[in-house]
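# Descriptive analysis of the structure
Here is how the chains run, residue by residue.
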Amino acid sequence: MPETITKLLIFPTFLLVVGVILCAEAVFMAESFTGLLELAHQSGGSTFDAMKLVMLKAPEILDFAIPIALLVGVYFSVSTLRDERAFIVCAAAGVSWIRLVVFAGVLGGLSALISFGVSGFVIPQTLHLQRMALFEMTAQQTTSQLLHHVETKTIQHVPGMTFISIHDPLTKDMQSDGLFVHFDTDAPTWHVSLADDWVVTGPGEDGTYQVHLRNFRDYTGSVHPNNLALIEGEDKMAGAETPQFSSLLVKETAIEFNLQTLLGEKDEDRQIDELFLGRLAKTLATTDSGTALKTLADKIARALLCPFATLTALLATALSTRRWGRQTALPLAAVALLSLDVASQTFLRWAATGGAVTLANGSLALLVVILLPVLGLIGFFGERVVLPRMGDNA
């Protein structure tokens, strides 16, 4: 008979949890689609690219939604069976209400493993794919602006430089009417180039391109310390000096370049938040990276919410037999869950600053602190969970 409770609860709880997760996925994905669509278009992508980015966000939404879905699913499935007096029948057959606590605890533990698996293996892969997709879209946009007709003013950043091109629709013989390039240099030096007209041809057999420049000017120089002091507002160093710079003026010239060099190499090495759990553990063992520990702390904090959610849902059900409890139990449980999400991440991130051992001890302490009070309250009010709710005047 002990498995009767599990048989009664597992299917309706599963349906409710899946339903809440799907609703959360739909809401968050719909909300983020417009922003990602704009980001994709700004990066040279299409609507399909935006949809791809939205789908890659799904595992992050899933990890966030699991605890709240467990809270809602367990609360309503247990409440429905209680009001149908199913638990009274089980109690008459000798099945203790403690089996409900066991069910909630096991479900919370298994869900914590799922959450930890999603955040440890699925989300790192999707984050890596998102970064690669954004790089590809940015590279496509830059390439398109360089090689094709430019209709408007364009400001583009590439590794080592920023270029601005302005198109004049009245000019027919050249691709663009103006080009300004600012090269990244260490202060106080500076380096800029200008051209009245420019056009890119290629690629050649070796894959290189040529930019043909008309009325090309190149200027390099440095800011005098006195001028730099004036710019920074240090009035005590008065008196501007004549700027010193060198210039190069050419009527027409062509410069060869490689797109791969211009755009920079694609960084396919995984960043800390893109590492799978195994590689993240190796990072901790070799460097004890503070960023890696904080990443791990976030994963642990989110996983620990799962058993808290299921047990809190059971407690909320026990407190909802009267009218005031039906109106406040579930909202208060949701507030407690969301508050714990913020508090646990803050605490474990602080514990991570002390190293891996401190993080492990902090995680165990947090597990005890969040579960013992809930279990204590369930032990005090738990028998109410099998009693049908009273009338609206109770």
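Look up: the structure comes first, before these words.
## Re the packing of aromatic side chains
As enumerated under the stated definition, the model contains four aromatic pairs in all. Centroid distance Phe347 to Trp350: 6.0 Å. Interplanar angle 35°. Geometry classified as tilted. Of this pair, Phe347 and Trp350 both sit in helix 9 (residues 323-352), three residues apart, roughly one helical turn. Of the residues examined, Phe347 reaches a relative accessible area of 34% and is grouped as partly exposed. Ring geometry for Phe380 against Phe381: centres 4.8 Å apart, planes inclined by 85°, an arrangement best described as edge-to-face.

## Let's talk about empty space enclosed by the protein
The full count for this structure, using the stated rule, is one cavity of 30 Å³ or more. Taken together, Ile5, Phe87, Cys90, Ala91, Val95, Ser96, Trp97, Leu100 and Val386 make up the full set of residues lining the largest cavity. Residue contributions to the lining of the largest cavity peak at three residues, all from helix 3 (residues 86-92).

## A closer look at the layout of surface pockets
Considering only enclosed or pocket space, the second largest pocket measures out at about 370 Å³ in volume. Along the walls of the second largest pocket sit 16 residues, with Phe14, Val17, Leu107, Ser111 and Ile114 positioned nearest its centre. Secondary structure elements with two or more residues in the lining of the second largest pocket: helix 1 (3-42), helix 2 (47-83) and helix 4 (98-147). The element that contributes the greatest number of residues to the lining of the second largest pocket is helix 1, accounting for eight residues. Split by residue class, the lining of the second largest pocket holds 13 nonpolar, three polar and no charged.

## Describing the pattern of salt bridges
Applying the stated criterion to the full structure yields four salt bridges. A salt bridge links Arg349 to Asp298; the nearest nitrogen and oxygen atoms lie 2.8 Å apart. Remark: Asp298 occurs in helix 8 (residues 290-318) and Arg349 occurs in helix 9; sequence separation between them is 51 residues. When its relative accessible area of 35% is taken as the criterion, Arg349 is described as partly exposed. Salt bridges sharing common partners tie together Asp63, Arg302 and Asp341.

## Observations concerning helix 9
Since the α-helix turns once every 3.6 residues, residues separated by three or four places project in the same direction. Here helix 9 spans 44 Å end to end across 30 residues, near enough to the 44 Å set by a 1.5 Å rise per residue. Its axis deflected by about 35° at Ala329, helix 9 carries its strongest bend there, up to four residues before the proline Pro331.

## Remarks on the packing of helix 8 against helix 9
As a packed pair, helix 8 and helix 9 sit with axes 8 Å apart at the nearest point and diverge in direction by 155°. Here helix 9 runs roughly antiparallel to helix 8, going by the angle between their axes. Note that helix 8 runs across helix 9; the crossing there is right-handed. Of the residues in helix 9, those in contact with Leu293, Lys294, Ala297, Asp298, Ile300, Ala301, Arg302, Leu305, Phe308, Ala309, Thr312 and Ala316 of helix 8 are Ala329, Leu330, Ala333, Ala336, Leu337, Leu340, Asp341, Ser344, Gln345, Leu348, Arg349 and Ala352. Residue classes in the contact of helix 8 with helix 9 are distributed as 16 nonpolar, three polar and five charged.

Rules used in this analysis
- Residues numbered from 1 in each chain as written.
- Predicted model: local features only at pLDDT ≥ 70, side-chain atom pairs only at ≥ 80, totals over all residues.
- Heavy atoms only, no water.
- Phe/Tyr/Trp six-rings, centres within 6.5 Å; stacked < 30°, edge-to-face > 60°.
- Helix = DSSP H or I, 4+ residues; strand = E, 2+ residues; numbered from the N terminus.
- Buried < 20%, exposed > 50% of the residue type's maximum accessible area, 1.4 Å probe, protein only.
- 1 Å grid on protein atoms, 1.4 Å probe; cavity = no way out; pocket = protein on both sides within 12 Å on 5 of 7 lines; lining within 4 Å.
- Points joined across faces, edges and corners; volume = space filled by probe spheres on them.
- Nonpolar A, V, L, I, M, F, W, Y, C, P; charged D, E, K, R; others polar.
- Salt bridge = Lys/Arg side-chain N within 4 Å of Asp/Glu carboxyl O.
- Expected span 1.5 Å × (residues − 1).
- Bend = angle between axes of the 7 residues up to and from the residue.
- Axes fitted to C-alpha atoms, helices over the stretch in contact; angles between N-to-C directions.
- Parallel < 35°, antiparallel > 145°, perpendicular 65-115°, else oblique.
- Left-handed = near helix turned anticlockwise from the far one by under 90°.
- Contact = heavy atoms within 4.5 Å.

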